[in-house]
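Read off the chains here:
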Amino acid sequence: QVHLVESGGGLVQPGESLRLSCAASGSLVVINSMGWYRQAPGKERELVASMSSLGSTTYADSVKGRFTISRDNAKNTVYLQMNSLKPEDTAVYYCHYTKLLGSRDYWGLGTQVTVSS
């Protein structure tokens, strides 16, 4: 089992920044991918950004140039630096973990990000 705990969400105004953190614990493996999905009211959950333990990254087109994903493998932690936030970024952000040599997905409980004037 893998447990994920997110932190860093909150309420900000458009143009401001937030940094999300997700710490993984439990039955971890070296070859993995961690990242962030989000789900806004009335919409399906979508990938925001992900990063493998080998360094490869993936970003949603809507956040490229604004968000940056990073990892501290020694701490089993992934971060999402969110700059130039827009109201359309408002969603619950979920940390995600998968073992690349398996097929099981693990999810955090989510952290709310609200961007509003």
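Preceding this paragraph is the structure being described.
In this text, all values refer to a predicted model and were calculated from it rather than measured experimentally.

Peer 1: How should the sheet that holds strand 3 (residues 18–26) be read in this particular structure?
Peer 2: Two pairing modes exist for strands in a sheet, parallel and antiparallel, and in both the strands are linked by backbone hydrogen bonds. Read from one edge to the other, the open sheet built from 4 strands follows the order 1-3-8-7, with strand pairing classed as antiparallel. Since the sheet does not close on itself, it has two edges, and those belong to strand 1 (2–7) and strand 7 (67–72), each with one partner. Across this sheet, the average inter-strand angle for adjacent strands is 15°, counted without regard to direction.

Peer 1: Got a minute to help me understand the pairing of strand 5 (residues 46–52) in this structure?
Peer 2: Burial of strand 5 is extensive: 5 of the 7 residues sit out of reach of the surface. Strand direction decides the pairing type here: strand 4 (residues 32–39) and strand 5, joined by 6 bridges, are antiparallel. Residue pairing across strands places Arg 38 opposite Glu 46, the latter belonging to strand 5. Between strand 4 and the antiparallel strand that follows it, strand 5, lie 6 residues; Gly 42 among them carries a positive phi value of about 80°. Where strand 5 folds back on strand 6 (residues 57–59), the antiparallel hairpin that results is connected by 4 residues, among which Gly 55 adopts a positive phi of roughly 110°.

Peer 1: I tried to follow the packing of aromatic side chains on my own but got confused; where do I start?
Peer 2: The geometry of two aromatic rings is summed up by the distance between their centres and the angle between their planes. Applying the stated criterion to the full structure yields 2 aromatic pairs. With 6.3 Å between their ring centres and 65° between their planes, Tyr 97 and Tyr 106 make a pair best called edge-to-face. Just as Tyr 97 is buried, Tyr 106 falls in that class too. Taking NZ or CZ as reference, Arg 45 lies 3.8 Å from the ring centre of Tyr 94, over its face. It is Arg 45 that lies over the ring of Trp 107; its NZ or CZ is 4.7 Å from the centre.

Peer 1: What am I meant to see in the pattern of salt bridges here?
Peer 2: In a structure, side chains of opposite charge can pair up when their charged atoms sit close to one another. If you walk through the whole model with that rule in mind, you get 4 salt bridges. Across the salt bridge formed by Arg 38 and Asp 89, the nearest N and O atoms sit 2.9 Å from each other. Residue Arg 38 is found in strand 4, and its partner Asp 89 is found in the loop between strand 8 (77–82) and strand 9 (91–99); the two are separated by 51 residues along the sequence. Note on Arg 38: relative accessible area 6%, which makes it buried. Under the relative-accessibility criterion, Asp 89 is labelled buried at 1%. One network of salt bridges, with partners in common, ties together Arg 38, Glu 46, Arg 66 and Asp 89.

Criteria and cut-off values
- Residues numbered from 1 in each chain as written.
- Predicted model: local features only at pLDDT ≥ 70, side-chain atom pairs only at ≥ 80, totals over all residues.
- Heavy atoms only, no water.
- Pairing = 2+ DSSP bridges.
- Helix = DSSP H or I, 4+ residues; strand = E, 2+ residues; numbered from the N terminus.
- Axes fitted to C-alpha atoms, helices over the stretch in contact; angles between N-to-C directions.
- Buried < 20%, exposed > 50% of the residue type's maximum accessible area, 1.4 Å probe, protein only.
- Phe/Tyr/Trp six-rings, centres within 6.5 Å; stacked < 30°, edge-to-face > 60°.
- Lys NZ or Arg CZ within 6 Å of the ring centre and 35° of its normal.
- Salt bridge = Lys/Arg side-chain N within 4 Å of Asp/Glu carboxyl O.

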